[in-house]
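Next come the chains, spelled out residue by residue.
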Amino acid sequence: HHGTPSASSDKPAAEAAVSAGIGFEGGKHVMFSYQWDCQSEVQSVREHFAKLGIPTWMDTDGGMQVDIYDSMAQGVDNAFCVVCFTSQRYQDSSNCQLELKFAKTRGIPICSVKLDGKGWKPSGWLGLVTAGALWIPLYKDEHWESSIDGLCSQILKHASDAGLQPSQGAASGIRFKRGSARSGK
């Protein structure tokens, strides 16, 4: 496993999310786009997000059984953000390429997680689609917690940018719903 969260004097986004009980209304989720060879790493991130109450979507949710293209489209269309877990194998995958390009054309914000270290950099279609994105490195275990916290911060920013504003939910902490940031007064 990747370790336990470390105590800190400033409250990281992940801890804030846990204490707030974050959820998203309207069936919106964070979609995980990844190449199957790194499924265990992605599942670790997903388990961490589940503890934070951040809903995620992966192809292992049973959605890919009928039609892979319909399932990918549904995963993208219901996402307020896509997290792509990049590597050379991700870049070489035609399905990953199709999925991420579809998200880009739909205007879904993309958070890029880099799984390959050792100097690997995205190129070609992946370099173009993720140009300008802040890369989150997840290839070093000693930085795993801080990387996940950075990813959480990006996701919460995208939720806010998508108009998913916090409101107090009944006994469930903060929930996000569509709406303006103004109070209407």
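Residues numbered from 1 in each chain as written. Predicted model: local features only at pLDDT ≥ 70, side-chain atom pairs only at ≥ 80, totals over all residues. Heavy atoms only, no water.

1. Overview of the environment of Ala162
Selection rule: Strands are runs of DSSP state E lasting at least two residues, helices are runs of H or I lasting at least four, and both sets are numbered from the N terminus onward. Relative accessibility thresholds used throughout: buried, under 20% of the residue-type maximum; exposed, over 50%; partly exposed, between the two (1.4 Å probe, protein chains only).
With respect to the secondary-structure elements, Ala162 resides in the loop between α7 (144-161) and β6 (164-169). On the accessibility criterion, Ala162 (26% relative accessible area) is partly exposed. Along the backbone, Ala162 and Pro109 are 53 residues apart, and their C-alpha atoms lie at a distance of 9.1 Å.

2. Points about α7
Here is the rule: What a helix is expected to span follows from its residue count: subtract one and scale by 1.5 Å.
Here α7 is 18 residues long and its end C-alpha atoms lie 26 Å apart, about the 26 Å a rise of 1.5 Å per residue gives. Turning to α7, its buried residues number three or more, namely Trp144, Ser147, Ile148, Asp149, Leu151, Cys152, Gln154, Ile155, Leu156, His158 and Ala159. Immediately downstream of α7, the backbone of Gly163 shows phi near 85°, a positive value.

3. Digging into the packing of aromatic side chains
Put simply, the test is: Ring geometry is summarised as follows: Phe, Tyr and Trp rings, the Trp one being its six-membered ring, pair when their centres sit within 6.5 Å, and such pairs are stacked at plane angles under 30 degrees, edge-to-face over 60 and tilted between the two.
Across all of its chains, the model carries 3 aromatic pairs by this definition. Aromatic side chains Phe32 and Phe49 sit 5.8 Å apart centroid to centroid with 65° between the ring planes, which places their arrangement in the edge-to-face category. With a gap of 17 residues between them, Phe32 in strand β1 (residues 29-34) and Phe49 in helix α2 (residues 39-52) connect regions that are remote in the sequence. In this pair, the class of Phe32 matches that of Phe49, namely buried. Given a relative accessible area of 1%, Phe32 falls into the buried group.

4. With respect to the pattern of salt bridges
For clarity, the threshold we go by: One side-chain nitrogen of Lys or Arg within 4 Å of one carboxyl oxygen of Asp or Glu is enough to make a salt bridge.
Enumeration according to the criterion identifies 3 salt bridges in this entry. A salt bridge links Asp77 to Arg106, with the shortest nitrogen-to-oxygen separation between them at 3.0 Å. With Asp77 in helix α3 (residues 68-77) and Arg106 in the loop between α5 (94-105) and β4 (110-114), this residue pair connects regions lying 29 residues apart in the sequence.

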